[in-house]
Amino acid sequence: MFKLVNMKYILTIKDFFNVQNHKQKSSKQMESHEGFGVSVGSMPKAAFSYHGEDDDQIATVLSSDVKPRILLMGLRRSGKSSIQKVVFHKMSPNETLFLESTAKIFKDDVSNNSFINFQIWDIPGQVDFLDTNFDLDMIFGGTGALIFVVDAQDEYIDALTCLHQTVSKAYRVNPQIRFEIFIHKVDGLSDDHKIETQRDISQRANEELHEAGLTDLHLSFYLTSIYDHSIFEAFSKVVQKLIPQLSTLENLLSSYVQNSMVEKAFLFDVVSKIYIATDGSAVDMQSYELCCEMIDVMIDMTCIYGDDESECACEQDSTCIIRLNNSSILYLREITRFLVLVCILRDEAFTKRGIIDYNILCLQKAIHSVFDVRTKLNKPNGVLPVEGMNSIGHLANSTNA
């Protein structure tokens, strides 16, 4: 359907893109993240039901019924609320020191675009799931991922006990839940201590599950801190598992990289700096950090010099270029209002920028085709037509050609 052009066979092409800055309003971005609190205590079943679904067309892309749900769980003061505020509310890590302990279940609706569209529930550490007032089926039944936060700077024996109880109950209710363990606050530990802590927690947690007969249950472990980009990378991995179109997006990016002489490509959500997809090559933490910093630079510059007269996202085409002192270039192009493509390439490859931009245009059309929201919503039960499904399959197959 869309074919990328190989740079090796085209020498020149006119760069026809009209580049203009597009202001990303922080206040508008934050409006999509405002949540609400549910008091802890006697918990009626209605307290765990969805409400206030987004009327925008993109609200039902990832699910025809409800949005995927992510639970943030762990003991008190383990850093759950700090993670949520830093990643999705752009709070400074130093400001999280003044956050009070969460006393109620807090639901955060994250609906930036057709790619990042889910709910986060911050569960207080003092919640007792043995209480009969809690409807475990309602809590865990609609959950896509459960993130359990373990404080690495504290004694984690009690945390592992709570982890085992929580995971066991959730798995019996919903075996499809993905269990993600954030070994948090590792910024104060040495590299050797980080590795040893992760090994010890992983070994203890898996042994308890094995003794309980839960051999099919898989736990994923991440070393995280809000003072570096590790928390964003970890959340990126979690969110990617909730995107059913992930394999298609990865194939498209891999095809783009192979045909454009690009070393690495990321598809970023601008608001959260979560990358929802990347090409097939390994992710280098330093490269990821550079891309995150570039997004911050773009937002700062567009807030100062951007033009906010136009509200139509399709008319915007923000671009940012940063040349590094190692002959590498960071190249950012806007795909949608909340989604950007960030590429890392060598200086000599950027001499053929015209074909790189042409391939980005092809990639942009392919991504919009994968997430054809209007076509989906215009059909009964939100099902794509047969030709739409065939088009998506063709895109996935063509990237391997």
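Just above sits the structure.
Anyway, here's the lowdown on the structure attached to this text. (Residues numbered from 1 in each chain as written. Predicted model: local features only at pLDDT ≥ 70, side-chain atom pairs only at ≥ 80, totals over all residues. Heavy atoms only, no water.)

**Focus: the packing of aromatic side chains**
- Under the definition given, this model contains 11 aromatic pairs.
- With centroids separated by 5.7 Å and ring planes inclined at 20 degrees, the aromatic side chains of phenylalanine 268 and tyrosine 288 adopt a geometry described as stacked. One end of the pair, phenylalanine 268, is in strand β8 (residues 264–269); the other, tyrosine 288, is in helix α8 (residues 285–305), and 20 residues separate them in sequence.
- Relative accessible area serves as the criterion here: at 0%, tyrosine 288 is assigned to the buried category.
- Ring centres of tyrosine 331 and phenylalanine 350 lie 5.2 Å apart, and the angle between their planes is 75 degrees; this geometry places the pair in the edge-to-face category. You can see tyrosine 331 sitting in strand β11 (residues 328–334) and its partner phenylalanine 350 sitting in the loop between β12 (339–346) and α9 (353–370), a full 19 residues away along the chain. (Phe/Tyr/Trp six-rings, centres within 6.5 Å; stacked < 30°, edge-to-face > 60°. Helix = DSSP H or I, 4+ residues; strand = E, 2+ residues; numbered from the N terminus. Buried < 20%, exposed > 50% of the residue type's maximum accessible area, 1.4 Å probe, protein only.)

**A word on the pattern of salt bridges**
- On inspection of all chains with the given rule, the structure shows 11 salt bridges.
- For the salt bridge of aspartate 200 with arginine 204, the shortest nitrogen-to-oxygen distance reads 3.0 Å. Residue aspartate 200 and its partner arginine 204 are both found in helix α5 (residues 191–211); the two are separated by 4 residues, about one turn of the helix.
- Taking relative accessible area as the criterion, aspartate 200 reaches 15% and is therefore assigned buried.
- Among the residues examined, arginine 204 registers a relative accessible area of 37% and is labelled partly exposed. (Salt bridge = Lys/Arg side-chain N within 4 Å of Asp/Glu carboxyl O.)

**Considering α5**
- In this model α5 runs 31 Å from its N-terminal to its C-terminal C-alpha over 21 residues, within 8% of the 30 Å that 1.5 Å per residue would give.
- Of all the positions in α5, only Lys194, Thr197, Asp200, Ile201, Ser202, Ala205 and Leu209 are classed as buried.
- Note on α5: the residue one or two positions beyond its end, glycine 213, has a positive phi of about 80 degrees. (Expected span 1.5 Å × (residues − 1).)

**Points about the environment of threonine 336**
- Tracing the chain through its elements places threonine 336 in the loop between β11 and β12.
- Since its relative accessible area comes to 16%, threonine 336 is described here as buried.
- For the pair threonine 336 and glutamine 364, spaced 28 residues apart in sequence, the C-alpha to C-alpha distance is 8.6 Å.

**Some thoughts on the pairing of strand β4 (residues 117–122)**
- Most of β4 is tucked away, with 6 of its 6 residues classed as buried.
- A two-sided burial pattern is seen for β4, the buried positions comprising Asn117, Gln119 and Trp121 on one face and Phe118, Ile120 and Asp122 on the other.
- Note that strand β2 (residues 69–74) and β4 share 4 bridges and pair parallel. Counted as the bridge partner of isoleucine 70 is isoleucine 120 from β4.
- With 6 bridges connecting them, strand β3 (residues 104–111) and β4 associate as antiparallel partners. Within the sheet, the bridge partner assigned to serine 111 lies in β4 and is asparagine 117. (Pairing = 2+ DSSP bridges.)

Purely geometric numbers; function is a separate question.
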